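# Observations on chain architecture
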Amino acid sequence: MGLGVRWTLHGDGRTPAPGAVVRPDERLSWPRTAGLGAQHVVAMFGASFVAPVLMGLDPNLAIMMSGVATMIFLLATRGKVPSYLGCSLSFVGVAAAIRASGGDSATVTGAVLVVAAVLFLAGLVVRKFGARVIHTAMPPVVTGAVVMLIGFNLAPVTATTYWPQDQWTALLVMLFTGLAVVCLRGFLSRIAIFLGLVFGYLLSWVLDLVFGKIHSPAGGAEAVDHWRLDLSAVGQADWIGLPSFHAPSFEWSAILVALPVVIALIAENAGHVKAVGEMTGDDLDDKLGTAIAADGAASVLSTAVGGPPNTTYSENIGVMAATRVYSTAAYWAAACFALLFGLCPKFGAVVAAIPGGVLGGITVILYGMIGLLGAQIWTNAKVDLRNPLNLVPAAAGIIIGVGGVSLKISDNFELGGIALGTLVVITGYHVLRAFAPAHLKSDAPLLDAGTSAYDEKDPLSGEDGKTGGK
């Protein structure tokens, strides 16, 4: 297939036969492929432009670089792994922690660039030694605990920054989004966050018309009178233009806060590759290292120009499951659409105008879902928390991460929150395992076959994890 940019026409190019699938190296007619690409863009929008807003970065640049990242990923995997790379929500807590300690956007992107470089190197290691190296260093009890503390560490951001800006709008948006996630089906359920944002946007506009300005904190500052929805910047923005670029800066304190997210990104990529393999029926274990390295390389490029990091998006797996079209041509179309959106400053101004109360309602659910993903990893991997070898390091690390416990090393160096919590979980588990009696280490041995054979179910997608997708 070469670089994976040549596709054969599936059937008549119009409608797949009942029960048939459009494979990654096939495509429908170009108009239908473009339509599928647009559908993939809508699917990723909800999280991919909320994440940069929450991180304080340019949403236009985030959308544009997500298109570039997707192209890099498709080329690196030779079109074997149909995936869209959008802005990673795993770094939202990291960005909040860095800004709370006095860092700016350059500090955030500098720290994340280092994480992306480490992710790239981890991908190269997995390519050489196989997926076993991941499971040896980060068994499910460790991965689940780290993902959980990263998610729950975000709770104060919602409670102190977004929710107080408009508590009633936040409450209604939370209820609407929860209903959308639970009650909608198919594709609509995949864009429930996006629908919640649209609902909140319209609700804020109506409340401004009916009740006028609100007296509340704006962005966590002192309470003032302000419009819930301020669109003044939208009218001033150009239709066509480049997004805002900036160079990263590097500070050790920020880098140490960000590094633990590598674990979450590796878990996301592993789960994504496994889920896609199950859907397409292809054995993609040999592509896991390449996928991780490609994600890292794409994120290095994005953060080097001031954009956010990227990761494989499960939202787009839902689109593939609903349509049974796995063509990478559709993802190329989606990437091109993202590039065009990134070159429209007016679009970015609309995104940046999302009211704080709306973000309050969204983040209550979103941050909680990120944290509970760690519990899902434990459940699917059948982690026994009655075993003190699993319980002690996970419990200690989560409390440290969620509570913001810190350890002062010197006058100029301090470990705390996510970084310290992750360090406690990883080192605590392996140190305790080295000294634990044999009966506490009687779990089934780690497998050599890679992620597809490691668990009965994938910790991220919930799909069956039989080797080779058979």
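Let us look at the structure shown here.

Rules used in this analysis
- Residues numbered from 1 in each chain as written.
- Predicted model: local features only at pLDDT ≥ 70, side-chain atom pairs only at ≥ 80, totals over all residues.
- Heavy atoms only, no water.
- Helix = DSSP H or I, 4+ residues; strand = E, 2+ residues; numbered from the N terminus.
- Contact = heavy atoms within 4.5 Å.
- Salt bridge = Lys/Arg side-chain N within 4 Å of Asp/Glu carboxyl O.
- Buried < 20%, exposed > 50% of the residue type's maximum accessible area, 1.4 Å probe, protein only.
- Expected span 1.5 Å × (residues − 1).
- Arc of directions from axis to C-beta.
- Polar contact = N/O pair within 3.5 Å; in protein donor to acceptor, adjacent residues only side chain to side chain.

In this section: the side chain of Thr33. With respect to the element layout, Thr33 can be found in helix H1 (residues 30-55). Excluding anything up to four places from it in sequence, Thr33 contacts Arg27, Leu28, Ala329, Ala330 and Ala333.

We now examine the pattern of salt bridges. Counted according to the given criterion, the structure contains 3 salt bridges. Put simply, Asp208 and Arg228 hold a salt bridge, and the shortest N to O gap is 3.0 Å. Of this pair, Asp208 sits in helix H10 (residues 192-211) while Arg228 sits in the loop between strand E5 (223-226) and helix H11 (232-236); the two residues are 20 residues apart in sequence, bridging distant segments of the chain. Using a relative accessible area of 9% as the deciding quantity, one classes Asp208 as buried. Across the pair Arg386 and Asp384 runs a salt bridge whose closest N-O atoms are separated by 3.0 Å. Looking at Arg386, the relative accessible area reads 74%, which means it is exposed. The exposure class of Asp384 is partly exposed, given its relative accessible area of 29%.

Of note in the backbone geometry, Arg78 takes a positive phi value of approximately 55 degrees without being a glycine. Position of Arg78 relative to the elements: it lies in the loop between helix H2 (59-76) and strand E3 (85-87). On the basis of relative accessibility, which here comes to 38%, the residue Arg78 falls in the partly exposed class. Positive phi outside glycine occurs at Lys382, with the angle close to 55 degrees. Looking at the secondary structure, you find Lys382 in the loop between helix H18 (356-380) and helix H19 (388-403).

As a further point, take H19. Here H19 contains 16 residues, and its C-alpha end-to-end distance of 22 Å stays within 8% of the 22 Å for a straight helix at 1.5 Å per residue. Turning to H19, its buried residues are Leu389, Asn390, Pro393, Ala394, Gly397, Ile398, Ile400 and Gly401. The buried residues of H19 all sit within an arc of 165 degrees when viewed along its axis, so they share a single face. Residues of H19 that are exposed and point over 90 degrees away from its buried face: Ile399 and Gly403. N-cap assignment for H19: the residue whose side-chain oxygen lies 2.9 Å from the backbone N of Leu389 is Asn387. Looking one or two places after H19, you find Gly404, whose phi comes out positive at around 75 degrees.

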